[in-house]
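# Summary of structural features
What follows is the residue order along each chain.
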Amino acid sequence: MNEPGPGSLPDVVASTEDEGRRYREGIYEPLDESSLPDAPDGGTFPQRGHGPPFKLVRKMSRVPRLRFIIGPSVIALGMGLGSGEFLLWPNLVAANGFSIWWLFWIGVVTQFVVIGEIERWTIATGESTFNGMARLDRFGFWPWLFLIATLVSFFWPGWASQSAEFTGQIIVVLGGPQIPWQPMALLMLACIWFGLAVSRIVYNVLERCEIALVAGFFPLLLITLLVVGLVPSHMLELAIGAVSFGSAPAELFTGDQFPTLILAVAYAGTGGTLLLAQSLWLRDKGFGMARFQGRIAGIRGENEEISTTGFVFDASDRTALGRFRGWMKVVHQELLVTFVLLTLLSVVITCMLVATTIGTDNPAIAGDLTTMVTLQGEAIERVGGLWLRVAFLLGGSFVIFSTQLAILDTVTRITGCIFYERFGYRTRFFTQKRTFLLFLTIFVLAAMGIIAASWIGGEGLDVLQPDFLLLIAGPFTMTSMFLFTLVVGYMNVRRLPAELGPPAWKRWSLLWAAVLWGWFTAEQLSRTVMSVASVDSQFTESLALHPIRIVFYGLWLASLGWFAARTLPAAKGLTRTRSRTG
């Protein structure tokens, strides 16, 4: 049986045009939980695990058309463009050529599958994926782990300098004075805080800003590329590289470029625990059963309550089940169109641009992102003049600022959500609104303090960053992606009824994600531990066997076996009729 979708759905499943338009601002319909019965545990309902009983709601939201729900994946797009798509992957291509391009698009498609499963729990229960994870054990271990991983990976404000540096380059190119990047970064942070904090509904401001910034990036970079000129041979090399599976220069895996490759694979799209924010954005939009959960309000908005439990429907109800499947189809369409396709298009543009301007045989600039951008700007100015260089730098500023904005919101949203759901709701002081504003303010002030210290002390952020953060921040990013793939996959297969869980192709795809991200995790952790243990460089800069590497590879393979055994077998349920889109 094919899963119904908006556009061809019967009226009982598809929403009206007026109802669909409401999703542009987000929908919130509070319920009187005291009047709702507890849902049965298991069977055709999700298993409660170690959390409170789910509340039974005998309805599922009707499904709007795609054009009414565009937004969450645009934020994910904007967050990824300024790191992997604009900087890391062009740098890898400039240093190594197009032979590794297959790894990029595979990374993006892998993220597409995992993000789709992050969305599933929220559509089915209205809960954040973190609340779902907390049901897996009595201590709520996984949400706290991912809170720590988020802070370790993104607390140090290295992401805050790049947009300011681009802005400073524009000022200099236009004949202005050389201004340190720090005061501009401080101003940008203040603007972001004001924009998010003083809003009515925080998500709506974030979405509109990201759409505007992404919309500014594409035409500026595309115009630059067209003026500089497309080289047909580069297009052919890219096409060949896209299907050259397994090929890559040895230096990527055995030399100093491996850390850059790790980050590039992690940020082939978004990266790290930031992927988990998709669940929170869907909740604020009111998709599926999340319409009964509150949204995060800014200073000018009213606090909206987040329930300590989820709202579920009977999967044996064919109307509700048809709506759920319609929701899964339309959110996957939104993710495919605005995240996957635009991410791939953006990297085609940026890689073509770097190949045309500085070539694809520059091993000396491997990992040196600033030098790469400077050389590109100079080459662009020689071809198209000053205005074209400004257009290039302005496009870069837009996209990197979009990353800065999204990271600030997302780190605040993830850490604040976990804190509130695990602890804050028990107190009188912490509402969802206060928690977000407090965490946002602390995070911005901490970033400002670090940037101000680098300004006053005349040091770069990389010099000031503590060694232990340099040591563990990189491993945390990829490791967290590997771990939450296992957790989300297990949760969706084992805790949701079969009718709501992932189809077979999704379960196999999740296993692939665990293979890909798990190998990079095992390899990176083994190199990190060997470096700390002062193991000879012949092991730390190669794939040569060493007892430490064997241990980490063994743990990776054991986890794959555990995951496959618990997710690949078909779950029992009323029916195994399943859509191809999951």
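Relevant structure appears above.
Residues numbered from 1 in each chain as written. Predicted model: local features only at pLDDT ≥ 70, side-chain atom pairs only at ≥ 80, totals over all residues. Heavy atoms only, no water.

Along the chain, the regular secondary structure elements total 21 helices and two strands. Here the C-alpha radius of gyration of the chain, 24 Å, is about what a compact globule of 582 residues would show, namely 25 Å. The C-alpha extent of the chain, read off along each of the three principal axes, is 70 × 55 × 45 Å. Put simply, of all contacts in the chain between residues at least 6 apart along the chain, 84% involve residues at least 24 apart. (Helix = DSSP H or I, 4+ residues; strand = E, 2+ residues; numbered from the N terminus. Rg over C-alpha atoms; globule rule 2.2 N^0.38 Å. Contact = heavy atoms within 4.5 Å.)

So, on to the packing of aromatic side chains. For the structure shown, the criterion picks out 24 aromatic pairs. Ring centres of Trp101 and Phe104 lie 5.4 Å apart, and the angle between their planes is 55 degrees; on these two criteria the pair is classed as tilted. A residue pair is termed a helical-turn pair when its members lie 3 or 4 positions apart in one helix, as Trp101 and Phe104 do in helix α3 (residues 101–125) at three residues. Of the two residues, Trp101 and Phe104, neither departs from the other in class, the shared state being buried. Both rings, one in Phe429 and one in Phe430, keep their centres 5.0 Å apart while their planes meet at 85 degrees; by these two values the pair is edge-to-face. Aromatic rings pair up to connect Phe86, Phe166, Phe217, Phe218 and Phe392 into one cluster. One Lys or Arg, Arg135, reaches over the ring of Phe54 and ends 3.9 Å from the middle of that ring. (Phe/Tyr/Trp six-rings, centres within 6.5 Å; stacked < 30°, edge-to-face > 60°. Buried < 20%, exposed > 50% of the residue type's maximum accessible area, 1.4 Å probe, protein only. Lys NZ or Arg CZ within 6 Å of the ring centre and 35° of its normal.)

Under the criterion given, the structure shown has five cavities of 30 Å³ or more. Approximately 70 Å³ is the volume attributed to the largest cavity. Around the largest cavity, the lining residues are Arg283, Ile296, Thr412, Arg413, Gly416, Cys417, Tyr420, Glu421, Gln432, Thr435 and Phe436. Going through the elements one at a time, α15 (386–422) and α16 (432–457) are the ones with two or more residues in the lining of the largest cavity. Sort the elements by how many residues they give to the lining of the largest cavity and α15 lands first, with six residues. (1 Å grid on protein atoms, 1.4 Å probe; cavity = no way out; pocket = protein on both sides within 12 Å on 5 of 7 lines; lining within 4 Å. Points joined across faces, edges and corners; volume = space filled by probe spheres on them.)

Take Glu25: it is sitting in the loop between α1 (17–22) and β1 (55–56). Judged by its relative accessible area of 40%, Glu25 is partly exposed. Apart from residues lying up to four places away in sequence, Glu25 is in contact with Asn204, Arg208 and Arg295. A polar atom in the side chain of Glu25 sits 2.6 Å from the side chain of Arg208. (Polar contact = N/O pair within 3.5 Å; in protein donor to acceptor, adjacent residues only side chain to side chain.)

Attention now moves to the packing of helix α13 (residues 318–358) against helix α14 (residues 369–384). For the pair α13 and α14, interaxial distance at closest approach is 9 Å and the crossing angle is 70 degrees. Here α14 runs roughly perpendicular to α13, going by the angle between their axes. Read as a crossing pair, α13 and α14 show a hand that is left-handed. Facing Leu353, Val354, Thr357 and Ile358 of α13, the residues of α14 in contact are Met372, Leu375, Gln376, Ala379 and Ile380. Classifying every residue of the contact of α13 with α14 by side-chain character gives seven nonpolar, two polar and no charged. (Axes fitted to C-alpha atoms, helices over the stretch in contact; angles between N-to-C directions. Parallel < 35°, antiparallel > 145°, perpendicular 65-115°, else oblique. Left-handed = near helix turned anticlockwise from the far one by under 90°. Nonpolar A, V, L, I, M, F, W, Y, C, P; charged D, E, K, R; others polar.)

What follows is about the pattern of salt bridges. Evaluated as defined, the whole model comprises 21 salt bridges. Between Asp284 and Arg413 there is a salt bridge whose closest N-O contact spans 2.9 Å. A residue pair is termed long-range when its members are at least 10 positions apart, and Asp284 in helix α12 (residues 277–285) and Arg413 in helix α15 qualify at 129 residues. Note on Arg413: relative accessible area 1%, which makes it buried. Here Arg389 makes a salt bridge to Glu381, at a shortest N to O gap of 2.8 Å. With relative accessibility at 13%, the residue Arg389 sits in the buried group. Put simply, Glu17, Asp18, Arg21, Arg65 and Arg67 are held in one network by salt bridges that share partners. (Salt bridge = Lys/Arg side-chain N within 4 Å of Asp/Glu carboxyl O.)

At a minimum axis distance of 10 Å, the contact between helix α8 (residues 202–228) and α14 shows a crossing angle of 60 degrees. In terms of axis orientation, α8 runs oblique to α14. Where α8 crosses over α14, the handedness of that crossing is left-handed. Side by side, α8 and α14 meet where Thr224, Val227 and Val228 of the first sit next to Ile380, Val383 and Gly384 of the second. Looking at side-chain class alone, the contact of α8 with α14 contains four nonpolar, two polar and no charged residues.

This part covers unusual backbone geometry. With a phi angle near 60 degrees, Ser534 is a residue other than glycine that sits in the positive phi range. One can find Ser534 in the loop between α19 (504–532) and α20 (537–540).

Our focus in this paragraph is the environment of Arg120. Inspection of the secondary structure assignment puts Arg120 in helix α3. Residue class for Arg120 comes out buried when judged on its relative accessible area of 1%. Spatially, the C-alpha atom of Arg120 lies 9.5 Å from that of Phe324, the residues being 204 residues apart in sequence.

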